Amino acid sequence: MSKYLAFAKLGLREARAEPGELLGRVLFFVLILGVFSSIWRAVAESTATMGQPTGQRGEMLWYLALTEWVLMSAPLVQFQIEDDIRRGDVAYQITRPASWLGARLAHGLGALAVRAPVMLGVACVTAWSMAGPPTRLGGLGVAIAVGLVAAAVVTLFHVAIGVAAFWLGDIAPAYWIWQKLLFVLGGLLLPLRFYPALFVRLARLTPFPALLAGPASLATNEPLMPAGVLLVTLVFWALLGWIITRAAFNRAVRRLNVNGG
Amino acid sequence: MSIAVDVKELSKSFRTREARGPGVRARVADVVAPRSRAVRAVDRISFRIASGERVAFIGPNGAGKSTTLKMLAGILLPTSGHVTVAGLVPWRDRYQLGFAIGTVFGQRSQLWYQLAPRDTIELLARVYEIPRAVWRSRLDTLVDAFELAPLLDRPVRQLSLGERMRCEVAASLLHAPGVLFLDEPTIGLDVTAKATIRELLHRRSTEDGTTLLLTSHDTGDIEQVCDRVIIIHGGRILLDASVGELKRRYLRSRRVTLVTASEHVELPAAIGARVVSAVPHRTTVEIDAGDTAVGALVDAVLRQTTLRDLVIDDPPMDEVIRSIYRSADDEGEAA
Amino acid sequence: MPGTKATVRFATALVRTSVRSAMAERGAFAMRVVLMAVNNGIFFTFWIVLMSRVPRIRGYSLGDVALLYGVVALANGVAVFVAGGAQYLARVIHDGELDALIAQPKPTLLYAAGLRSQPSGLGDIVSGLIMISLSGRVAPVGIPIVLAAGAAGAMVLVSTAVLMHSAAFWLGRTESASRQLYEVTLMFSLYPDTLFTGPMRWILFTAIPAGFVGYLPAEAIRAPSLWTASALGAAVVAYAVVASSVFARGLRAYSSGSRFATFT
């Protein structure tokens, strides 16, 4: 166990040593929040027909801030993994005692431990300054707690995408698709209740809603599902993702050994 | 005989910015108030290279070789001094200079990785504005000389390092430059590939009259390609001599390998031989090449045993050069 | 400096070689193209859903958004497909890969920008054109204006990339920061300009030329006029001039060795 902790610490240290990248993400975060704040202001103007008071905008912004927070905290480990696989470093590393996959995940979680608090601080400050305090402080607390778990699961899925490099070679297009599906089905910019009912039912079959919309909606008046149920859902997807990733990885390693790398 | 490269009192000082270290505060401080250090990479060097000469530029890491080469190619601006290459001032007449020089970087390929060498060559024809008929015929000559026929249409990523280097050098000669700069051209190549490249360079240069200036760590490059050596150390020229002169002046010692019937030999101290290696039946000594030294050595050995074989060699060039560095360092320390 | 004819011939040969290099691995190329188009489609569903509930937002209906989106996709597609090297300039500068280009008798910026064509650009171009045609906003003069507007937006984007990445001449490792700044420009181009008021609007037509990548080209397509054409033309020229001067300055700094120098 301590070996994985060591990898996590390494990830943590690396993330701290690259403030430029994090700064860039923070800037992006604030700007995107600004853009969407403008969109929702414009929407509120045009929606006398929606019968919802403009106060709704404040909740929207906190929702947005939280979905963005979960998304942007997760380190982009898939590209590092892709690099490792392409360079053939994996062949050497898998003979080491620590499970390569476990090490990579630990590394990502270490980086997450640095990014998540920073992004959370930025999220709260920005949302507060744009839309005032959250409607339910308690809800915010729960949302943050569950959001951390969700961000960890997103990191796990990033590892999974990285492993796909064994077959795809170049995972960037696969990542784009995953990311856009996460945006849309995960309710990044638009809470799921806006979507047609059938759509939402289909979306629920995927992990995406649980990752973003789930935690963020806990801070609003219409949570997607109760916190407890959400946690169970997240754990379920995490386990499923992990099992599939491990199976895929072992398969790839076996093929590597057979073909001589 | 025209002068291809003329360098007078050339100097280059850098202000390198030093990073304070990792971490946010250090990084911010680096941007707001950068710390810099002045380094003299090249210190008033002067030399002249005639057209058609083949010169090796050697020196340890950090000596200033690549910096000098970059100044000659017009990539870096000197701090002071005068340079002309092919009659042009490199950084001022960069466009015309481009047509007159060629470059080969051993550590960085100029061939497009996913495409065949022929595709790179077609692009280079446009870069150097060579008329179709001219570059077509020149390509044929180069393909023959470098034996590129089986390689020309295969993607570069499928070629071995040696094959790639052959294509690189050929491509660099497409526009028939008067001067060819090579930065570590044989690095990473196996013995056969090195020999091939060296031979090709030497032959092309003698046939076309191309001036060669190559930097290297590999003394084999010197011996097999070049006629002249310039040794750079700490930004200064330590030695500028022909290869023959280098050997004669600094090769006062000889390496003698004695293959003897007996397992070991005893050598009287008076002979002044230094044992380099001694395994059963085979002793190698280094001895000053005086008139009687070798003879005395052989006599001494024959008194003890019979000689099965005797080999007399020059010491490896490496050692010669290393000793030149060492004496320069010693002088530097004494100063 | 080389004559115009030689430069144009070189530029076409360069782009042709770069595209061929990108297409060398057919499967990977096709996948990138298709998936980029799909990618754009998925993201656009956000607008489709939002506007099914709120048909007009500050004067923009779905067709208007589709036109804007398509124009930006087209511009970005052309920018990264034809001048993909501009997206990697910071890395090229930092790694010293400019040296080999400087030693050749062709303009360094042109050379560096024309390398590394990105296959995803073709996907952007295709999906962009589809969105533009489906938007129902194209004036009867049609196709030539669409192409011209796309080209103009592309030029502004390339200039933006060159500007952002030239920071590497002075600041060293700016690759991720330069790339993020470019993405910020792209992001702002994608959203209706009417969302932004006051000082923000000014920024969108100056420091972050998003207005000249999305809004103005879209206007040119929807309602072509001499005014939009000249404004767009002026912007293209202005940004190109600024970008190439900054690059030239940077190149001079590079040549005098005042950067995070590594040398042997």
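Note that the structure is a prediction, hence the values are computed from the model and not measured.

What counts, and at which threshold
Residues numbered from 1 in each chain as written. Chains lettered and ligands numbered in written order. Predicted model: local features only at pLDDT ≥ 70, side-chain atom pairs only at ≥ 80, totals over all residues. Heavy atoms only, no water. Helix = DSSP H or I, 4+ residues; strand = E, 2+ residues; numbered from the N terminus. Rg over C-alpha atoms; globule rule 2.2 N^0.38 Å. Buried < 20%, exposed > 50% of the residue type's maximum accessible area, 1.4 Å probe, protein only. Contact = heavy atoms within 4.5 Å. Areas by Shrake-Rupley, 256 points an atom, 1.4 Å probe, with all protein chains shown as cover. Lys, Arg positive; Asp, Glu negative; His and termini not counted. Charge placed at Lys NZ, Arg CZ, Asp CG, Glu CD. Core = buried A, V, L, I, M, F, W, Y, C linked by side-chain atoms within 4.5 Å. Buried area = accessible area lost by both parts, 1.4 Å probe. Salt bridge = Lys/Arg side-chain N within 4 Å of Asp/Glu carboxyl O. Pairing = 2+ DSSP bridges. Axes fitted to C-alpha atoms, helices over the stretch in contact; angles between N-to-C directions. Phe/Tyr/Trp six-rings, centres within 6.5 Å; stacked < 30°, edge-to-face > 60°. Lys NZ or Arg CZ within 6 Å of the ring centre and 35° of its normal. Parallel < 35°, antiparallel > 145°, perpendicular 65-115°, else oblique. Nonpolar A, V, L, I, M, F, W, Y, C, P; charged D, E, K, R; others polar. Domains from an automatic or database assignment. Polar contact = N/O pair within 3.5 Å; in protein donor to acceptor, adjacent residues only side chain to side chain.

### What about the overall build of chain C?
- Broken down by element type, chain C carries 13 helices and zero strands.
- The N-to-C order of helical and strand elements in chain C reads α-α-α-α-α-α-α-α-α-α-α-α-α.
- For 264 residues, the compact-globule estimate of 2.2 N^0.38 gives 18 Å, and chain C sits close to it at 19 Å.
- Along the first, second and third principal axes, the C-alpha atoms of chain C reach 65 × 45 × 35 Å.
- Counting every position in chain C, which comprises 264 residues, the buried fraction comes to 58%.
- Counting contacts in chain C only where the partners sit at least 6 residues apart, residues at least 24 apart contribute 78% of the total.
- Carbon and sulfur atoms make up 70% of the accessible area of chain C, which amounts to about 10200 Å² in all.
- Of note, chain C has its 20 positive side-chain charges centred 5 Å away from the centre of its 10 negative side-chain charges.

### Quick notes on the overall build of chain B
- Per the secondary structure count, chain B includes 11 helices and 13 strands.
- Based on the C-alpha atoms only, the size of chain B along its principal axes is roughly 70 × 55 × 50 Å.
- When the 335 residues of chain B are sorted by exposure, 50% land in the buried category.
- For chain B, long-range pairs separated by at least 24 residues make up 71% of all intrachain contacts whose partners lie at least 6 apart in sequence.
- Carbon and sulfur atoms provide 49% of the accessible area of chain B, an area that totals close to 15900 Å².
- Charge centroids of chain B, computed over 45 positive and 43 negative side chains, lie 8 Å from each other.

### Looking at the nonpolar core
- Among the nonpolar cores identified, the biggest contains 260 residues, and A:Trp69, C:Trp47, C:Leu50, C:Leu98, C:Phe188 and C:Tyr191 are the most heavily contacted of them.
- Ignoring any residue separated from it by four or fewer positions in sequence, one finds C:Trp47 in contact with A:Ile39, C:Ile57, C:Leu62, C:Val65, C:Tyr191 and C:Pro192.
- Grouped together as the second largest cluster of nonpolar side chains are 12 residues, B:Leu258, B:Ile271, B:Ala293 and B:Leu297 included.

### Considering the interface of chain C and chain A
- Counting residues at the interface gives 30 residues for chain C and 35 residues for chain A.
- Summing both sides of the interface, chain C and chain A together bury roughly 3000 Å²; the carbon and sulfur share of this comes to 74%.
- Our enumeration of links across chain C and chain A arrives at one salt bridge.
- Among the ionic pairs, A:Asp170 bridges to C:Arg32, the shortest N-O distance being 2.6 Å.

### Describing the sheet that holds strand β12 (residues 282-288) of chain B
Residues and elements named next belong to chain B.
- Pairing is antiparallel across the open sheet formed by four strands, whose spatial order is β11-β12-β10-β13. Edge positions in the sheet fall to β11 (274-279) and β13 (307-313), since each has one partner strand and no second. The mean inter-strand angle of the sheet, taken between neighbouring strand axes irrespective of direction, is 15°.
- In this sheet, β12 lies alongside strand β10 (residues 253-260) in antiparallel orientation, the contact comprising seven bridges. Across the sheet, the residue bridging to leucine 258 is threonine 283, located in β12.

### Considerations on the environment of B:Ala63
- Looking at where B:Ala63 falls in the secondary structure, it is placed in the loop between β3 (54-58) and α2 (65-72).
- Distance from B:Ala63 to B:Pro131, taken between C-alpha atoms, is 41 Å for residues 68 residues apart in sequence.

### Description of the pattern of salt bridges
- All chains considered together, the criterion is met by 27 salt bridges over all chains.
- Residue B:Glu129 is joined to C:Lys106 by a salt bridge in which the shortest nitrogen-to-oxygen separation is 2.6 Å. Here C:Lys106 lies in the loop between α5 (98-102) and α6 (108-114) and B:Glu129 lies in the loop between α4 (117-127) and α5 (132-146), a pairing that spans two chains.
- The class for B:Glu129 is partly exposed, based on a relative accessible area of 35%.
- The closest approach of N and O atoms between B:Arg203 and B:Glu199, which form a salt bridge, is 2.7 Å. Highlighted residues: B:Arg203 and B:Glu199, both in helix α7 (residues 191-208), separated by four residues, approximately one helical turn.
- The exposure class assigned to B:Glu199 is partly exposed, which follows from its relative accessible area of 43%.
- Taken together, the salt bridges that share partners define one network made up of B:Arg40, B:Asp43, B:Arg44 and B:Arg236.

### Thoughts on the packing of aromatic side chains
- Scanning all chains against the criterion turns up 28 aromatic pairs over all chains.
- Ring pairs connect the aromatic residues A:Phe36, C:Phe46, C:Trp47 and C:Tyr191, which therefore count as one cluster.
- Here the basic side chain of B:Lys12 rests over the ring of B:Phe14, its NZ or CZ set 5.3 Å away from the ring centre.
- Its guanidinium or amino end placed over the ring of B:Trp135, B:Arg136 lies 5.5 Å from that ring's centre, counting from NZ or CZ.

### Digging into the packing of helix α2 (residues 19-46) of chain A against helix α10 (residues 175-190) of chain C
- Between α2(A) and α10(C), the shortest axis-to-axis distance is 9 Å and the interhelical angle comes to 10°. The orientation of α2(A) relative to α10(C) falls into the category roughly parallel. Contacts between α2(A) and α10(C) involve A:Glu21, A:Gly24, A:Arg25, A:Leu27, A:Phe28, A:Leu31, A:Ile32 and A:Val35 from the former and C:Ser176, C:Gln180, C:Leu181, C:Glu183, C:Val184, C:Met187 and C:Phe188 from the latter.
- For the contact of α2(A) with α10(C), a count of residues per class yields nine nonpolar, three polar and three charged.

### So, the domain arrangement of chain B
- Per the domain assignment, the segments of chain B are domain 1 (3-13 + 52-248) and domain 2 (252-313).
- The C-alpha-based centres of domain 1 of chain B and domain 2 of chain B are spaced at 42 Å.

### Notes on α4(B)
All names here are of chain B.
- Counted residue by residue, α4 has eight buried out of 11 residues, so it is predominantly covered.
- What α4 keeps buried is the set Pro117, Asp119, Thr120, Ile121, Leu123, Leu124, Ala125 and Val127.
- With its phi angle positive at about 50°, glutamate 129 sits one or two positions after the end of α4.

### Comments concerning the interface of chain C and chain B
- Contact residues are listed per partner, giving 38 residues for chain C and 40 residues for chain B.
- Here chain C meets chain B over a buried area of about 3500 Å², counting both sides, of which 61% is carbon and sulfur.
- Taken together, chain C and chain B are joined by three salt bridges.
- Applying the counting criterion to the chain C and chain B interface returns nine residue pairs in polar contact (both at pLDDT 80 or more).
- Residue assignment for the side of chain C that touches chain B shows that the elements contributing at least two residues are α1 (4-22), α5, α6, α9 (168-171) and α13 (226-255) of chain C.
- The leading source of residues in the side of chain C that touches chain B is α1(C), at nine residues.
- In terms of residue class, the side of chain C that touches chain B is built from 19 nonpolar, 11 polar and eight charged.

### Let's talk about unusual backbone geometry
- Positive phi values are uncommon outside glycine, yet B:Glu147 reaches one of about 55°.
- On the secondary structure map, B:Glu147 appears in the loop between α5 and α6 (161-172).
- One non-glycine residue, C:Arg116, lies in the positive phi region at around 55°.
- With respect to the helices, strands and loops of the structure, C:Arg116 is situated in the loop between α6 and α7 (120-135).

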